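# Results of the structural survey
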Amino acid sequence: MSSNVPFTAGDFVVYPAHGVGKVMDIEKQTIAGMDLELFVITFERERMTLRIPVAKAKSSGLRKLSTKKVMDTALTTLKGRARVKRAMWSRRAQEYEAKINSGDPVSIAEVVRDLFRSATQPEQSFSERQIYEQALERLACELAAVEQIEPDAATERLEKLLRAA
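For the structure given in this document, a descriptive report is provided here. Computed from a predicted model, the values in this text were never measured in an experiment.

All chains considered together, the criterion is met by three aromatic pairs. Ring centres 6.1 Å apart and planes at 50° place the aromatic pair Trp-89 and Tyr-96 in the tilted group. Here Trp-89 falls in the partly exposed class, since its relative accessible area comes to 24%. Seen from their ring centres, Phe-116 and Tyr-132 are 6.3 Å apart, and the 45° between their planes marks the pair as tilted. Here Phe-116, found in the loop between helix 3 (105–115) and helix 4 (126–147), pairs with Tyr-132, found in helix 4; they are 16 residues apart in sequence, far enough to count as distant. For Tyr-132, a relative accessible area of 5% corresponds to the buried category.

Structure (structure tokens):
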């Protein structure tokens, strides 16, 4: 094993396209005649295992969990005013998806804040609701991992902040 591996087995990591996962192992495999060192990462919620070459980890966006400070910034973002652009929904949806897939908790918090609907506001469209729930789940999973609480408790905390805003 190389000594410059940024993660070890048991570490929680964030992969932009899938959210929080856990490094289960670092294994060597021969693929197409090349010896590769791979991170084996499981994503509990999606019941999925991903193998990422150690050499490509950084360029794939794989990162450590956010610090408490970054999560606090994301939580503060939730308390701000929603900023909904007047662009067509399809363009806004693309922007929201890009923010979610960036893996950045503050960007994801912006999506959650902008798509949140209180009981007094008009109903969301199906696609708005889907994007909102995806962003909320992504943010809640990272908050849960950072604060070592259950994902449901993290979701409840986020929704409480949104309702109070």
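Once that is clear, we can look at the layout of surface pockets. The computed volume of the largest pocket comes to approximately 450 Å³. In terms of lining residues, the largest pocket is bounded by 22 residues, among which Val-20, Glu-44, Arg-45, Cys-141 and Pro-151 are the most central. Among the secondary structure elements, those contributing two or more residues to the lining of the largest pocket are strand 2 (19–31), strand 3 (34–43) and helix 4. Per element, the largest residue contribution to the lining of the largest pocket is six residues, and it comes from helix 4. Residues belonging to the lining of the largest pocket are distributed by class as follows: nine nonpolar, six polar and seven charged.

What follows deals with the packing of helix 1 (residues 68–78) against helix 3. In the contact formed by helix 1 and helix 3, the axes pass within 8 Å of each other and the chain directions differ by 20°. The orientation of helix 1 with respect to helix 3, classified from their angle, is roughly parallel. Here helix 1 and helix 3 pass one another in a crossing that is right-handed. Contacts between helix 1 and helix 3 involve Val-70, Met-71, Thr-73, Ala-74, Thr-77 and Leu-78 from the former and Pro-105, Val-106, Ala-109, Glu-110, Val-112 and Arg-113 from the latter. Its residues assigned to classes, the contact of helix 1 with helix 3 comprises eight nonpolar, two polar and two charged.

Here we take up the nonpolar core. Counting 27 residues, the largest nonpolar core has Leu-78, Val-111, Val-112, Ile-131, Tyr-132, Leu-139 and Leu-158 as its most contacted members. Going through the elements one at a time, helix 1, helix 2 (89–102), helix 3, helix 4 and helix 5 (151–164) are the ones with two or more residues in this core. Considering each element in turn, this core owes the most residues, nine residues, to helix 4. Within the second largest apolar cluster, 13 residues are counted, among which are Phe-7, Val-13, Phe-39 and Leu-62.

All right, on to the packing of helix 4 against helix 5 then. The geometry of helix 4 relative to helix 5 is characterised by a closest axis approach of 8 Å and an angle of 115° between their N-to-C directions. Classified by chirality, the crossing of helix 5 by helix 4 is right-handed. Residues Tyr-132, Leu-136, Leu-139, Ala-140, Leu-143, Ala-144 and Glu-147 of helix 4 form the contact with helix 5, whose own contacting residues are Pro-151, Ala-154, Thr-155, Arg-157, Leu-158, Glu-159 and Leu-162. Of the residues assigned to the contact of helix 4 with helix 5, the class counts are ten nonpolar, one polar and three charged.

Glycine aside, the phi torsion of most residues is negative, and most peptide linkages are trans. Phi is positive for Ala-32, which is not a glycine, with a value near 50°. In this fold, Ala-32 is placed in the loop between strand 2 and strand 3. Positive phi, close to 55°, is recorded for Gln-148, a residue that is not glycine. Mapping Gln-148 onto the fold places it in the loop between helix 4 and helix 5. For Gln-148, a relative accessible area of 72% puts it in the exposed group.

Thresholds applied
- Residues numbered from 1 in each chain as written.
- Predicted model: local features only at pLDDT ≥ 70, side-chain atom pairs only at ≥ 80, totals over all residues.
- Heavy atoms only, no water.
- Phe/Tyr/Trp six-rings, centres within 6.5 Å; stacked < 30°, edge-to-face > 60°.
- Buried < 20%, exposed > 50% of the residue type's maximum accessible area, 1.4 Å probe, protein only.
- Helix = DSSP H or I, 4+ residues; strand = E, 2+ residues; numbered from the N terminus.
- 1 Å grid on protein atoms, 1.4 Å probe; cavity = no way out; pocket = protein on both sides within 12 Å on 5 of 7 lines; lining within 4 Å.
- Points joined across faces, edges and corners; volume = space filled by probe spheres on them.
- Nonpolar A, V, L, I, M, F, W, Y, C, P; charged D, E, K, R; others polar.
- Axes fitted to C-alpha atoms, helices over the stretch in contact; angles between N-to-C directions.
- Parallel < 35°, antiparallel > 145°, perpendicular 65-115°, else oblique.
- Left-handed = near helix turned anticlockwise from the far one by under 90°.
- Contact = heavy atoms within 4.5 Å.
- Core = buried A, V, L, I, M, F, W, Y, C linked by side-chain atoms within 4.5 Å.

Nothing here speaks to function; it is geometry throughout.
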